[in-house]
Each structure stands twice: as C-alpha cells, then as structure tokens.
Amino acid sequence: LASVQVFLCCLLAGLSICWFNTVCFVLCISNFPANRSLALSLTVSFNGVSAALYTLAYNAIHPASPELYLLLNALIPLIISFTAIIPILRQPPFEPLPPDGVRRDSLMFLLLNILAALNGVYLLLFESNSSDVTFARLLFGGAIILLILPLCIPGLVIARNWYLRTIHTSFRLEGSGFILVDPDELELHKGMLAHEANRESYEDVVQNHVKTIASEEGDADELLITRGQLEVLGTEHSLKQLLCRADFWLYYIAYFCGGTIGLVYSNNFGQIAQSLGQSSNTTTLVTLYSSFSFFGRLLSATPDYIRAKFYFARTGWLAIALLPTPIALFLLASSGTASALQVGTALIGLSSGFIFAAAVSITSKVFGPNSVGVNHNILITNIPIGSLIYGFLAALVYDSHGSTGIKSVTDSVVCMGRGCYYLTFVWWGCLSVLGLGSSLVLFIRT
C-alpha cells in the first residue's frame, strides 16, 4: 500500500510540475516581451534553491517529524499559487512599453537578479548548518525576509510614480509664460511616438523582405524558408512545422546530449560517490551541484545585460554552455579523486543550470513566442527518454562490474572502484560532444 501511495504522489507531482512550469513560462513570455529572457531566468533560477528552503523550514519547525516535510510540500505550493493568482487575474491589458519603460524594467530585473543571488548564497551556505533548532529558526526567518524583499520593488516603483505625479512637476517655456505639463502625459506621448515609429519601421522592413523573398522564390507562402533553413527567427511554428524543421532536431539533440545528461548525473550522485569511496561527501556534492546549477540559471540572463556591448546569438550561448559538460565527464573518467569529483560536479551543475534556464528563451526566440507552451514541452520530452536510456546504460556498466563488488545486507551488489562508472563517463562524454557539435551547427544555421 505504501509503495502505491508513493507512486501516486510521484505521478501527481510530475504532472503538476509540467503544468506549473508551462504556465509560468507562458506568463513570463506574454507579460514581458521585451525582457522575456530576464523574467524566465529569474523564474527558473529559484527552482535550484527550493529544496534548500524546504529543508530549512523543516529543520526550523519540527526536524523530528518526517511527515512535516510531506505536509510542507503539500501546503506551501497551494498557498503560494492561490496568492499569486490574484494579481495575475487582475492584471491590466497588455500594452507595448516605450523605450524608457523597457529600460526601467531591465533595471528592475537587474535588482531582482541581485536579490535572487543573495537568496541563493544564503540558502545554499546555511541550509546544511541548521541542525540546532534555535539557529535553524533564525536562519529561516532571515530566508523569509530575503524572499519578501523582491516584493518591495513594485512598491518603490509606485512611490516613484506618485512622487513624479504630485511633487516633481515639470515646466516648459512657451512664449512669455510657463505651461504645466503632466509628466505622465509626456511619457505617454513619447511612448506613442516611439511605438508608431517602431511599427512603421517594422512594416517597411517586413514589406521589403516579403518582396525580396517572393521575387526570388516566386511563392509568398515559402518566404520564411530558404533551402530548408529559417530565414526569420521568431516565426510561429505549429506542431507539424516544428517536427519537420531540421533546426528543431539539432536543438533537440543538443538538449538531449547536454542538459539531460547533467540531470541523469545528479540522479546518480549516491552510487557515484559510493563507488569512489566518497559516501561521506554525498551531501557536499548535492549542495555543490545545486549551488552551481542555481548560478548557472542566473548567468543565463547575462547575454541580455551585455547585449549593447557584445552581441552573440542565443544559440551560440547554448553551445558555450554545453562546453563544460564533456570536459567534466572526461575529467571524471580520467581521475577518481575527491577533487576531480567535486570539480566535475560543479562544472556539470553550472552547464545544466544555464541550459535549463536558457532553453525556454531559445525556443521562444527561434520558433515563436506564442507557441512556446507546446513547442517547449515537445522539446523536453528528451528528459524522460534520456533519463531512461542514460540510466539504463549506467546500470548495465555498474552491474557488469558486480564481480568486483560486495554483497549488501539485502543481497544486492555494491560496486566499488573507478571501473563502476568509467565506461559510463566515457559514453556520456562522447554523447555530450555530439550535443556540442549539434549546437554549433544550429548556431551556424541561425
């Protein structure tokens, strides 16, 4: 009966996570079109510290009760979701932001990313040092304060607008007198002019592009495709168009042989550490992976902050993010020391975290923002498929070295030594090189 309950809990949790993530991604993309990647990286980054927050809450309330952990997992998401749905349902209709508004939002996201980094450092440094109940409660109180701080930023924006509206009145000289000008009307007027100019410029570009392609291809329906290659990024793709696009399958292979390998590696922490005689350091490895994964997710917003000085396509950043994975896996295959294990774990966490956060933005940028909910879920079907294939490969190698292992109390074989995962690391490293090559081809094509 207990196994059936655990199975149903895992099934419902898996379904819930997919639904919840998709809704969050769609909300970020639809509400922050000019800063969607910043919003996505911020949203995804907190996934890396949620486990640390739950553990801190568990240690602070009643660490002797395992049932409390399940209760927290049941209640906290429910309460937070109902709280968050109120502003979501009451939000005003979307209107394009003027350039000043886009810059202001970018600044706000920068502040939010700094606060998120502080949250991550705080949780991941102190989560494992909270064995004492009193100390754990102090740490938990500090974590709550840090989590509430981002909610103060909208209040600062409202206060600034009130100040500009009521105290800081603008004047302009016209003829022989002064005329009062409402700063909100000025901003609205400038925004309307900027929006109209952008729209006219965009229409001119599109019309010229349509005429050029139509004259070359002779068919306006094929204006976005040149020799099977994307001509314009961000074009909306239906499911059929997506599955027929070579760029999508290159992207799929890059993710399948990159981020998914990092996920499967994290699922095998226990056995990997045990086989190398590092069982006592398993908690350290989990914390190391979580922290670097968190900062990798935050780093996925870096291209947007340096875009004005150094522009690089998002698919190029994906290729750069995949590079640490094969380096780490070949390092693990060549050395079984504790330092190599820690360095490899940190590199894989950094790489996979960046990929998880950047993937939604890449899907939106390449295959269209309106269809990202469907398209990205098609992309991440590689996660269960890869988990099954890579996990089965690791199990075969592990069991093949069972003759060098020892029998446990339950008569299962525990493999000890570098050989338990040596071939697995080599195979995973070769597959990650394939993913890196696929991402480079995708970068060249886009």
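The shown structure was predicted, so the numbers you read here are calculated from the model rather than taken from an experiment.

A word on the overall build of the protein chain
On a plain count of helices and strands, the protein chain comes out with 20 helices and six strands. Burial statistics for the protein chain: of 446 residues in total, 36% are counted as buried. Contacts spanning at least 24 positions in sequence make up 73% of the contacts within the protein chain whose residues lie at least 6 apart. For the protein chain, the exposed surface amounts to about 24,800 Å²; the carbon and sulfur share of it is 69%.

Here we look at empty space enclosed by the protein
Under the counting rule described, the total for this entry stands at three cavities of 30 Å³ or more. Each pocket or cavity is described by its volume, and for the largest cavity that value is around 50 Å³. Taken together, Leu276, Leu332, Ala333, Arg418, Tyr421, Tyr422 and Phe425 form the lining of the largest cavity. Put simply, the parts of the chain that give the lining of the largest cavity at least two residues each are α16 (324-334) and α20 (419-445).

Examining the state of the cysteines
Going through the model one piece at a time under the given rule, you end up with one disulfide. In this model, cysteine 415 is linked to cysteine 420 through a disulfide, with the two sulfur atoms separated by 2.0 Å. A torsion of -90° about the S-S bond marks the disulfide between cysteine 415 and cysteine 420 as left-handed. You can call cysteine 415 buried: its relative accessible area is 0%. As a non-bridged cysteine, cysteine 9 has cysteine 10 as the owner of its nearest cysteine sulfur, 6.9 Å distant.

Rules of the game
- Residues numbered from 1 in each chain as written.
- Predicted model: local features only at pLDDT ≥ 70, side-chain atom pairs only at ≥ 80, totals over all residues.
- Heavy atoms only, no water.
- Helix = DSSP H or I, 4+ residues; strand = E, 2+ residues; numbered from the N terminus.
- Buried < 20%, exposed > 50% of the residue type's maximum accessible area, 1.4 Å probe, protein only.
- Contact = heavy atoms within 4.5 Å.
- Areas by Shrake-Rupley, 256 points an atom, 1.4 Å probe, with all protein chains shown as cover.
- 1 Å grid on protein atoms, 1.4 Å probe; cavity = no way out; pocket = protein on both sides within 12 Å on 5 of 7 lines; lining within 4 Å.
- Points joined across faces, edges and corners; volume = space filled by probe spheres on them.
- Disulfide = S-S within 2.5 Å.

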